[in-house]
Amino acid sequence: MLASELALYVVTGLLVGGVYALMSIGLALIFGVMRVVNFAQREFMMLGMYLTYYFAIGFHVDPLLGALLTLPPFFLLGLLVHRAFLARVTGGGDPNREMDAQLILTLGLSLVITNATTMILSPMPRGINAPYASKAFAVGPLLLNQARSYAFLMALALAAAMYALLTRTDLGRALRAAADDPEAAGYQEIDLRVVHGTAFGLGIALVAAAGGLLATYHPIEPNVAVNFIVLMFVAVVLGGLGSIPGAFVGGLVIGLVQSLTLLLLPLQLQNVGVFVTFLLVLYVRPQGLFGRRLRTV
């Protein structure tokens, strides 16, 4: 095999993995702060793809900008969903309470959103005809798809912004305190209900933006996110439960492994390499790549 061909698979995997990484850090944030396993995360990603699509079709907004425009409405939607549903089963206190109710609630929410979207918008696949989706950058002997390259750079920028928010702002310190010790955070007059709602809103906004970036080169339909939720969970566990940098690295690893697996297996089996890698990493480091369990940063 030519070195240039191998390099193309590696770079393509990393470009795709950047969007996986952005999806995964939203899920990691929700779990790290709230200890909620959100099975509806994939549906919010799918809705982010549709909103980006309608921005592009109805208002002629570039899909990359459209992906950014999904952030405010989905943050507000996350706040609303938390206030209306999740806060009732977590109580704004110790999120380990009523774990069964949380799982059933998010799974039920997932089914409702998917079926409602199918009935309202139909199962017909749609796509955004972005001018750069079929173009490529020439980097030496490599041809890099422009849509994937732009999506990777924007995913990297959003992930960096989220990390900065968590490490350099009062809100970020409150989120980390609630993640590390909810009881002690309460003693410091941190309103856990507000913090949990904020974490859920941010997690939903990030996965919706990731869906918008994915929509620049991927078909859109109500069940589009079925395979991606598995990859998100794998990335979160692979990187270390609750770790934002770990989830980001886990997403990059998944994209890279998927791409390299195509050298040996057909497209339909590309996730085989992902799960083999996942099992090997957990065998060597059960706590994930970033070491500590249940951390936010």
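Described in the following lines is the structure provided in the data block. (Residues numbered from 1 in each chain as written. Predicted model: local features only at pLDDT ≥ 70, side-chain atom pairs only at ≥ 80, totals over all residues. Heavy atoms only, no water.)

Moving on, we get to the layout of surface pockets. Estimated volume of the largest pocket: approximately 530 Å³. Forming the boundary of the largest pocket are 21 residues, of which Tyr20, His218, Gln258, Leu267 and Gln270 lie nearest the centre. Partitioning the lining of the largest pocket into residue classes produces 10 nonpolar, 10 polar and one charged. (1 Å grid on protein atoms, 1.4 Å probe; cavity = no way out; pocket = protein on both sides within 12 Å on 5 of 7 lines; lining within 4 Å. Points joined across faces, edges and corners; volume = space filled by probe spheres on them. Nonpolar A, V, L, I, M, F, W, Y, C, P; charged D, E, K, R; others polar.)

What follows covers the pairing of strand E1 (residues 136-139). In this sheet, strand E2 (residues 142-145) lies alongside E1 in antiparallel orientation, the contact comprising four bridges. Each bridged residue has a counterpart across the sheet, and for Ala136 the counterpart in E2 is Asn145. Taking the residues between adjacent antiparallel strands as the criterion, E1 and E2 are bridged by two residues, where Gly140 takes a positive phi near 60 degrees. (Pairing = 2+ DSSP bridges. Helix = DSSP H or I, 4+ residues; strand = E, 2+ residues; numbered from the N terminus.)

On to the pattern of salt bridges. Think of it this way: side chains of opposite charge can pair up when their charged atoms draw near. Under the counting rule described, the total for this entry stands at two salt bridges. Between Arg42 and Glu43 there is a salt bridge; the shortest N-O distance is 2.8 Å. By the burial criterion, Arg42 is buried, and Glu43 matches it. For the salt bridge of Asp170 with Arg173, the shortest nitrogen-to-oxygen distance reads 2.6 Å. Taken together, the residues span about one helical turn, with Asp170 and Arg173 both in helix H7 (residues 170-180) at a distance of three residues. (Salt bridge = Lys/Arg side-chain N within 4 Å of Asp/Glu carboxyl O. Buried < 20%, exposed > 50% of the residue type's maximum accessible area, 1.4 Å probe, protein only.)

For the rest of this paragraph, the subject is the packing of helix H2 (residues 41-59) against helix H10 (residues 226-239). Where H2 meets H10, the closest approach of the two axes is 9 Å, and the angle between their N-to-C directions is 125 degrees. Here H2 is positioned oblique relative to H10, judged by the angle of their axes. Both H2 and H10 take part in a crossing whose hand is right-handed. Across the interface between the two elements, Gln41, Arg42 and Met45 of H2 pack against Val226, Phe228, Ile229 and Met232 of H10. Considered class by class, the residues forming the contact of H2 with H10 number five nonpolar, one polar and one charged. (Axes fitted to C-alpha atoms, helices over the stretch in contact; angles between N-to-C directions. Parallel < 35°, antiparallel > 145°, perpendicular 65-115°, else oblique. Left-handed = near helix turned anticlockwise from the far one by under 90°. Contact = heavy atoms within 4.5 Å.)

Tracing the backbone shows Ile104 in helix H5 (residues 99-121). When its relative accessible area of 63% is taken as the criterion, Ile104 is described as exposed. Taking the C-alpha atoms as reference points, Ile104 and Phe75, 29 residues apart in sequence, are found 22 Å from one another.

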